[in-house]
Every structure is written in structure tokens, then in C-alpha cells.
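Residue-level listing of the chains:
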Amino acid sequence: MAASIFTAVPRAPPVAVFKLTADFREDGDARKVNLGVGAYRTDEGQPWVLPVVKKVEQMIANDNSLNHEYLPILGLPEFRANASRIALGDDSPAIKENRIGSVQSLGGTGALRIGAEFLRRWYNGNNNTATPVYISAPSWENHNSVFVDAGFKDIRTYHYWDAAKRGLDLQGLLDDMEKAPEFSIFILHACAHNPTGTDPTPDQWKQIAAVMKRRFLFPFFDSAYQGFASGSLDKDAWAVRYFVSEGFELFCAQSFSKNFGLYSECLAVSWPSSIIPRQMGLACWGVGRALPCHDVCDQWLTSLGLSTDERVGNLTVVGKDADNVQRVLSQMEKIVRTTWSNPPSQGARIVATTLSSPQLFAEWYVLPGLVGEGKPGEAVSLSARLGQMAPNQTGACPHALLPACCRKGNVKTMADRVLLMRSELRSRLESLGTPGTWNHITEQIGMFSFTGLNRKYKVAW
Ligand SMILES: Cc1ncc(COP(=O)(O)O)c(C=O)c1O
């Protein structure tokens, strides 16, 4: 038999973080802990389907007005508008001036990839693969590959982590920006920097913005953890909104993987055939949507609390005026057309439905100062803050009046647990008298931590 035409294909190394997850699954040690992938886990170490997401999935499954027609190439309009609104804020001058646009994407990665492709084609000249792209050192490992695959040839790092100080190397970062060629692209983590958990303070962001403006550097924000980091959408989007208020044209890639717990697609693949209803045959075996009868599959999966096609992200474009943004979007449409052609609807519908309904929004995220953070006895106008949710409730802080799900939004539940894990880890290390200082564990934010431990340390069980 003739040799395979693929004989010369070299085996690529596995993606480290997913390899770790596979190794973790296979490890039989009951004491194992997975410190790899950035995905939320409950106290039981299990993934969490957000209650509000479950509810919206049921609403979608029962809504006979919905179908599986193609969406517009740039995505579901109500999803795009709401996604950009939470990134930029209700009072954003850019939204009011009609100079923003959005592209629905496959997760935050899709938003980064589409944005990178656009920049290579149309930014700083045509197809200018020599424009330097600066990525923090260290950074999420995929940033580099996404920009390399988009064709950029000059990927550089900028100083970020000061190992000795276990904090931000602000001076190194600013120096790199001062030295960067004009029009260089800088990838900035909007919040909960991956992997250090260290963010600039508002004052430091102001210094960063001042240099970037003076040096004509392009900010490309990556916002993968809005609301999930601090529990506050506003706090976690502070940097993006500040840059917009300073008049920057910018991109912001948003992921809804973490803050909605929408990491993946259909889960039916690995289930034993014995639990697949006979009449479904093989139609639901695999990614349901790719095979016939997908309406039935969707309903069946939804009844089991599962869904198809949920991964969703958004690329927000902020320009100088509506005309510029519309031309940019027309080119984005061309890029999407040859990339995934048309986006899936399920995740976008879940996010859009949640963000546009005051009641569902309150279940996902409780407005700061409304409940949870309100002091007992404090006057709060629920009707003013939540519209139709509770039209007659005004007066004393209404903690007790609200259903339990609304006292703490789902996002806050996740953010609080992550914060609690941080403080418990720190206090455990301190109570054990572990040499060194551990305050950085609670000063950092989000799912990731640079603990300061290295290969020199041996872990004793
Ligand atoms: C900084 C950062 N950007 C982007 C992403 C990708 O998000 P998504 O899974 O939505 O593609 C992640 C995911 O871990 C991340 O940490």
C-alpha cells in the first residue's frame, strides 16, 4: 500500500492545560486537585450550570417563535448590543454617539481571532504583518498563537510581572510602551490578568493610557472575566471604560464562557448508548446540531439540562464616528464569512435574554447597592433600579422581600467563592507558619494566582 499523504505531518505537542485536565481525569489519587484549567468549580469540585442559564434554556426550548434559521453574519443584534453595553456601561459616550459596533464570536478566542485578522488586513496599512503586537509577560498562552496565526510576524512581550515584588512591574511596562514603535498593538487584560491575577490600579491604568495616547498605541482589551473577577461588572470594566472616556479607538474581546458558565457545546458525545433513548438512534450521538433531527435533540438535551452551541463571545469596536465603525463592520463581515460563516444562536440567545430582562439580569447579577451590598434599613427604590421586577417595593432595604436567587446574583456567587478560596488558602498557609509572606494571594484577583512557589519547593503530603 502506498504511504499516507500525511506521513510528513509532525505530531504537535498537546495543549498543556487540556493535557493536564486529561491527566487529572486519569489519576486515581483521591486527594488530587486540578489547578490547571480556568473553569469554575463548586464546593463539590463540580462544574456549575448557572440557575439563570438553566431557566433561560427552558424558556428558549419552549419558545415556539424561535427557529434555527441563519443569524445575520455579525450575530444576533440584541446579543451584540447588550454585550457591548455591559462592557462599555449604560452611560457610555461611545454608545450615545453611535460609534460602536460588535461582532458575535465563538467565545472570547473567536473575538480575539477576528479582531487580529482585521488588524492584519486593515490596520496601519494593508496587510501590514510587520506591525508589532505586544503581549504581557507572562500572558494567557493562546494570545501569541492567535496573533501568529492571523499573520503577524513581530510578536513582542512587554514587562508585566515583577517576580521579586510579586506584583505589577509598572515601570517596566511603561518603559516598553515608551519604546514601542507608534501604532503598535497592545493586548491588555481588562481584569483578572491571566495568569498572574495582578491588575493595574485605576491610577496605574491612567498612567498606561496617557503613554499609549501620546505614543499612538492601539489598545486591544481582552475581557474574559467581567463580573466574575470582583463580582462587579463596573469595577471589572473600569479600564475599558476609562480608555473610551479618553477618546481611544479600541477593540474589546469579550468572553461569556466564565461569567455565564458557557464553556462548551453538546455533552452527549461520551454517554453510553444505553441511556440514549432508542428512538434517537445515532442522531444525537455526537454534536447534535451537526446531524438530522436537531430540533428534537435540542429539546431532549435541554430537558436534561444540557444544550448545544453555547460558546459565545463578542468583539466590541469603538471608533471615532459611526461612519468609520460601519466600514470596519463591513470588513468584519467578510472575515466572519470565511471563518465560521454564520454564528450559532444558543449561547447568544441565553446571554441576550438574560441581559435584556430586568428580572433575569437581577438573577444573574444583582446591582451593587441594591441588595447584598445594601445596609439594613437603607432606603432603596427597587422599582427605580429594576423596572418591572418589583414595581411596588420601595423603602427599607428589601433583602428579606426578595427571592433567594435575587439576593445574590449567580455571578456574585462565583466571584465570592473564588475570593473565599483565596482567603482560605492564605490563612491556611499562614497558620501552618509557611515561610514567606502570602498577602499577594488575596491581593491578586480572579481564578489565577502566581503563588511565588517554584520548582525549588517540594510539596509534602
Ligand atoms: C485571558 C483570556 N482570554 C481569553 C480566553 C478565552 O475565552 P473563551 O473560552 O471564551 O474563548 C481566556 C480563557 O481562559 C482567557 O483566560
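Residues numbered from 1 in each chain as written. Predicted model: local features only at pLDDT ≥ 70, side-chain atom pairs only at ≥ 80, totals over all residues. Heavy atoms only, no water.

Draft legend 1. Looking closely at the state of the cysteines. Within this structure, the stated rule accounts for zero disulfides. No disulfide involves C252; its nearest neighbouring cysteine sulfur is the one of C191, lying 9.5 Å away. (Disulfide = S-S within 2.5 Å.)

Draft legend 2. View of helix α8 (residues 202-214). Over its 13 residues, α8 extends 18 Å from the first C-alpha to the last, a length consistent with the 18 Å expected when each residue adds 1.5 Å. For α8, the set of buried residues is Q204, W205, I208, A209, V211 and M212. In an axial view of α8, the angular spread of the buried residues amounts to 165°, which keeps them on one side of the axis. Looking at the buried side of α8, the elements it contacts are β5 (167-168), α7 (170-179), β6 (185-189), β7 (218-223) and α10 (238-245). (Helix = DSSP H or I, 4+ residues; strand = E, 2+ residues; numbered from the N terminus. Expected span 1.5 Å × (residues − 1). Buried < 20%, exposed > 50% of the residue type's maximum accessible area, 1.4 Å probe, protein only. Arc of directions from axis to C-beta. Contact = heavy atoms within 4.5 Å.)

Draft legend 3. Geometry of unusual backbone geometry. In this chain, A137 is followed by P138 through a cis amide linkage whose omega measures 0°. Looking at the element boundaries, P138 is found in the loop between β2 (133-137) and α6 (142-149). Look at the link from N194 to P195: it is a cis peptide, with omega at 20°. You can see P195 is positioned in the loop between β6 and α8.

Draft legend 4. Representation of the pattern of salt bridges within the structure. Scanning the model with the defined rule gives 16 salt bridges in all. As a salt-bridge pair, R417 and D43 come within 2.6 Å of each other at their nearest N and O atoms. A residue pair is termed long-range when its members are at least 10 positions apart, and R417 in helix α17 (residues 410-431) and D43 in the loop between α1 (16-26) and α2 (51-62) qualify at 374 residues. Close ionic contact of K213 with E246 constitutes a salt bridge, the shortest N to O distance being 3.2 Å. With a gap of 33 residues between them, K213 in helix α8 and E246 in the loop between α10 and β8 (250-255) connect regions that are remote in the sequence. Accessibility expressed as a relative area gives 40% for K213, which makes it partly exposed. We classify E246 as partly exposed; its relative accessible area is 30%. The network of salt bridges with common partners includes R113, E117, R120 and R121. (Salt bridge = Lys/Arg side-chain N within 4 Å of Asp/Glu carboxyl O.)

Interpretation note: all reported values are geometric properties and have no functional meaning in isolation.
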